Amino acid sequence: MTPSSPAVAWTDPQREAAFNAWLGGIASAQGLMPASLRPASADASFRRYLRVDAVGGGSRIVMDAPPDKENCQPFVHVAGLMQDAGLLVPQILAWDEPQGFMLLQDLGTQTMMEQIQPESPAANHARYLQALDTLLAWQLASRPGVLPAYDEPLLRRELQLFPDWYLVQHRQTALQGKDAETLSRAFNSIVKRTLAAPSVYVHRDFMPRNLMIPTQPGSSPAQQLGVLDFQDAVYGPITYDIASLMRDAFLSWEEDFVLDITVRYWQAARKAGLPVHEDFGDFYRAVEWMGLQRHLKVAGIFARITLRDGKPKYLADTPRFIHYIRTTASRYRELTPLLRLVDQIEGTTPQVGFAYGRV
């Protein structure tokens with residue numbers, strides 16, 4: 001690719017020049033065609049991904065991760081752990097650590113999300129079972145002391161994103177007095193409940209947008225799903241990734257489908273010897289509380305991405321998180337004050353009724 005090509009935009013001429021020098025330097029050894037470089041995807045961070053064709057056919061992925069904003073070391077570390085666990089993750093082919101450029105195996109162009117048929121839950125059953133197989137393999141490889149702990153300080157830092165960014169910055173609402181106390185008590189309950197779960201490896205964003213449909217020659221529907229966006233992995237609650245999978249940031253299912261897949265995960269996890277609750281009702285309640293922590297966090301993150309980073313498409317999904325938060329809070333008497341507070345902020349009608357799991 002020449003620096004003047006319009007296919008890939010650069011805001012920093014020096015970084016553009018450094019990138020072209022790096023890519024040109026590895027092109028021959030890696031069998032790349034630099035002129036074919038084009039955007040592949042971007043995510044909610046400062047990373048972006050480019051695609052470049054290979055001389056013998058196929059393509060490779062290039063990660064552009066400015067080192068002053070992104071640290072690639074966790075990506076490399078977790079990629080190794082996942083490979084050792086038997087997961088399909090992009091192989092790292094070349095890495096310029098000081099400059100934040102990385103050449104990766106290309107797992108294809110279609111995510112599980114793109115294959116989902118939202119109007120027909122049953123049509124997606126097989127793919128979700130594949131996702132469970134991947135998740136179980138990842139959790140079974142767990143060892144303490146290898147990944148950062150998903151501990152109380154981290155859980156609380158994440159929860160704080162909700163008042164700091166969603167309430168203050170987005171809703172222009174700073175909680176005072178009893179309202180602030182209500183949120184604080186809810187956060188205390190959430191942290192206590194989530195930390196009660198046993199710890200395993202946690203992907204931390206395990207959902208269909210980060211699972212790839214393999215496109216290798218001869219691939220079949222039964223082939224293993226690829227895994228992306230795993231650099232924030234931690235060692236924490238076993239309930240987290242199944243909550244993330246079934247209470248998706250970009251897709252909502254009716255509870256019968258959520259229950260179906262979650263109970264299948266629970267059964268398989270028990271059979272595999274993973275430390276889940278003996279009673280499914282207890283496990284499902286723990287998943288709901290874990291999901292509540294995630295939804296509060298992500299509402300804050302999406303507001304921050306919009307207001308600080310200028311990516312407004314993410315804030316469009318925040319009503320989904322408010323719905324998740326209200327639904328879970330309506331099930332537990334302990335969370336009734338939180339539900340009333342959210343209804344007050346959002347101008348929504350209070351939810352009533354005794355749904356499954358209300359204790």
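Residues numbered from 1 in each chain as written. Predicted model: local features only at pLDDT ≥ 70, side-chain atom pairs only at ≥ 80, totals over all residues. Heavy atoms only, no water.

**Digging into the pattern of salt bridges**
Inspection of the entire model under this criterion finds 21 salt bridges. For aspartate 53, the salt bridge goes to arginine 38, with nearest N and O atoms at 2.9 Å. Taken as a pair, aspartate 53 in strand S2 (residues 48–54) and arginine 38 in strand S1 (residues 32–42) lie far apart in primary sequence, 15 residues in all. Of the residues examined, aspartate 53 reaches a relative accessible area of 24% and is grouped as partly exposed. Residue classification places arginine 38 among the partly exposed residues on the basis of a relative accessible area of 29%. The closest approach of N and O atoms between aspartate 229 and arginine 47, which form a salt bridge, is 3.5 Å. Remark: arginine 47 occurs in the loop between S1 and S2 and aspartate 229 occurs in the loop between strand S8 (226–227) and strand S9 (234–237); sequence separation between them is 182 residues. According to the relative accessible area criterion, aspartate 229 is buried, its value standing at 18%. A relative accessible area of 9% means that arginine 47 is categorised as buried. Overlapping salt bridges, with partners in common, bring together Arg15, Arg48 and Asp64 in one network. (Salt bridge = Lys/Arg side-chain N within 4 Å of Asp/Glu carboxyl O. Helix = DSSP H or I, 4+ residues; strand = E, 2+ residues; numbered from the N terminus. Buried < 20%, exposed > 50% of the residue type's maximum accessible area, 1.4 Å probe, protein only.)

**Some details on helix H10 (residues 318–329)**
Compared with the 16 Å implied by 1.5 Å per residue over 12 residues, the 16 Å span of H10 between its first and last C-alpha is a close match. For H10, the full list of buried residues reads Thr318, Phe321, Ile322, Tyr324, Ile325, Arg326, Thr328 and Ala329. Buried positions along H10 lie against helix H5 (152–170), helix H9 (280–307) and helix H11 (336–346). (Expected span 1.5 Å × (residues − 1). Contact = heavy atoms within 4.5 Å.)

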